[in-house]
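The primary structure of each chain is shown beneath.
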Amino acid sequence: MFYIGLAPFVPTDFNRKPRSFDDLCHWKATEFRLFGFYTGLLVAHDFFPDEYYKHFLLYFCAIRLMSTSDITPEDISLARDFLNSFVQEYADFYERRSVTYNVHALLHLPEIVEVYGSLDTFSAYRFENFLQHIKRKITKKHQILPQLYNRMEEEFAIMPLKTCGNPSYSDQFRLTTPYFGANFAYRTCIFSTYEITANERDGCCEIDNNFAISIVGFCDYDGVKGVIGRRYQDHNPFFLSPVNSTTVGIYKVTTLADDADFYAISRITGKFMRLPHQNTIVLIKLLHENMTE
């Protein structure tokens with residue numbers, strides 16, 4: 001029930017929400033990614049024995065380090081050390097017969113990242129996800145390739161009309177308290193690859209790669225597109241080993257500022273998953289621009 005209870009707080013970037021571990025054999029790859037990069041942290045913290053939790057963090061931190069868009073040689077070196085320890089200790093926790101090819105393959109990920117960049121640049125998720133779009137273009141059993149060609153030509157023809165370089169607003173509402181001379185604001189800001197909405201699951205973003213805010217709404221102020229938000233006043237690490245959790249984009253917060261501030265849209269540098277945990281809130285920075293299936 002704990003894991004299913006996280007579903008209302010998982011952002012809409014994820015089409016598949018947490019479901020029972022009784023259905024584990026039916027989980028899709030994106031559900032394992034959700035667990036491995038995000039929600040699994042709280043499950044391991046609350047339900048794993050301490051030694052198993054620390055072992056899981058080696059994998060968790062290594063994968064997140066190698067998934068950042070601005071990955072550095074230092075990040076790769078850290079990830080390599082963590083994965084070496086994770087694989088070496090794996091048999092002690094899960095028996096030698098569990099050390100399969102997939103576990104061994106983790107040792108080679110850092111060298112692949114050195115060549116090709118972050119994990120998301122050569123992940124197969126985007127190709128798997130795109131199969132559904134190809135499938136929808138097929139309406140008849142015959143002349144499959146011509147059908148695909150014609151539909152794709154039509155899409156390419158209208159693509160310039162659908163492209164929008166600037167973020168746009170949607171869903172206007174009246175503010176209960178006017179901010180910065182505005183009586184109305186918008187709930188949603190649409191970017192090129194994701195959306196941020198002023199609600200519980202989608203309403204937390206990062207400003208200047210520095211701090212998190214809870215979003216009240218979006219509006220223009222002095223001709224500048226921006227976000228109205230209340231800043232989290234405390235940004236504490238959720239764990240300190242094997243690396244400070246803030247290094248991999250994870251914070252523990254408790255207190256929101258009483259007053260809201262206005263921040264230019266250009267200052268938004270990320271979006272957070274916001275999960276309640278033991279009278280605090282755990283913020284986990286999203287690493288993937290497109291997590292839907």
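Note that this is a predicted model, so its numbers are computed, not measured.

Visitor: Tell me about the pattern of salt bridges, and name the residues and values.
Guide: If you walk through the whole model with that rule in mind, you get 11 salt bridges. A salt bridge links D171 to R187; the shortest N-O distance between them is 3.3 Å. Here D171 is found in strand β1 (residues 168–179), whereas its partner R187 is found in strand β2 (residues 182–190), with 16 residues between them in sequence. Look at D171 and you get partly exposed, because its relative accessible area is 44%. The partner of K271 in a salt bridge is D202, with the nearest N and O atoms 2.9 Å apart. Placement of the pair is K271 in strand β9 (residues 268–277) and D202 in the loop between β3 (195–197) and β4 (204–207), with a sequence separation of 69 residues. Of the two residues examined, K271 and D202, each falls in the buried class. Connected via shared salt-bridge partners are D13, D202 and K271.

Visitor: Which residues make up a nonpolar patch on the surface, and what values go with them?
Guide: Taken together, the side chains of I112, V115, Y116 and F122 present a nonpolar region at the surface, about 390 Å² in accessible area. Tracing the backbone shows V115 in helix α5 (residues 109–116). Owing to a relative accessible area of 60%, V115 belongs among the exposed residues under this scheme.

Visitor: Tell me about the state of the cysteines, and name the residues and values.
Guide: Going through the model one piece at a time under the given rule, you end up with zero disulfides. No disulfide involves C189; its nearest neighbouring cysteine sulfur is the one of C205, lying 9.4 Å away. Relative accessible area serves as the criterion here: at 0%, C189 is assigned to the buried category. Unpaired in this structure, C204 has its nearest cysteine sulfur neighbour in C205, at a distance of 6.7 Å.

Visitor: Got a sec to walk through the environment of Y59? Specific residues and values, please.
Guide: With respect to the helices and strands, the residue Y59 is situated in helix α2 (residues 50–65). Distance in space between the C-alpha atoms of Y59 and F37 is 9.6 Å, their sequence separation being 22 residues. Residues in contact with Y59, not counting those within four places in the same chain, are G36, F86 and L106.

Visitor: Hey, could you go over the nonpolar core for me, with residue numbers and the actual values?
Guide: Formed by 46 residues in total, the largest nonpolar core has its most connected members in Y38, L41, F239, I250 and M273. Contributions of two or more residues to this core are made by α1 (29–47), α2, α3 (73–94), α5, β9 and β10 (280–285). Here this core gets nine residues from one element, more than from any other, and that element is α2. Setting aside residues up to four positions removed in sequence, L41 forms contacts with F35, Y53, F56, L57, F60, F238, F239, I250 and I284. Residues Y169, I196, A198 and F218 belong to the second largest nonpolar core, which totals 15 residues.

Visitor: Lay out α1 with the relevant residues and their values.
Guide: End to end, α1 covers just 23 Å across 19 residues, shorter than the expected 27 Å (1.5 Å per residue, more than 12% under). Of all bends in α1, the biggest is about 70°, found at T39. The element α1 is largely enclosed, with a buried count of 14 among its 19 residues.

Analysis parameters
Residues numbered from 1 in each chain as written. Predicted model: local features only at pLDDT ≥ 70, side-chain atom pairs only at ≥ 80, totals over all residues. Heavy atoms only, no water. Salt bridge = Lys/Arg side-chain N within 4 Å of Asp/Glu carboxyl O. Helix = DSSP H or I, 4+ residues; strand = E, 2+ residues; numbered from the N terminus. Buried < 20%, exposed > 50% of the residue type's maximum accessible area, 1.4 Å probe, protein only. Patch = residues over 30% accessible without salt bridge, like charges linked within 9 Å, V, L, I, M, F, W, Y side chains within 5 Å. Areas by Shrake-Rupley, 256 points an atom, 1.4 Å probe, with all protein chains shown as cover. Disulfide = S-S within 2.5 Å. Contact = heavy atoms within 4.5 Å. Core = buried A, V, L, I, M, F, W, Y, C linked by side-chain atoms within 4.5 Å. Expected span 1.5 Å × (residues − 1). Bend = angle between axes of the 7 residues up to and from the residue.

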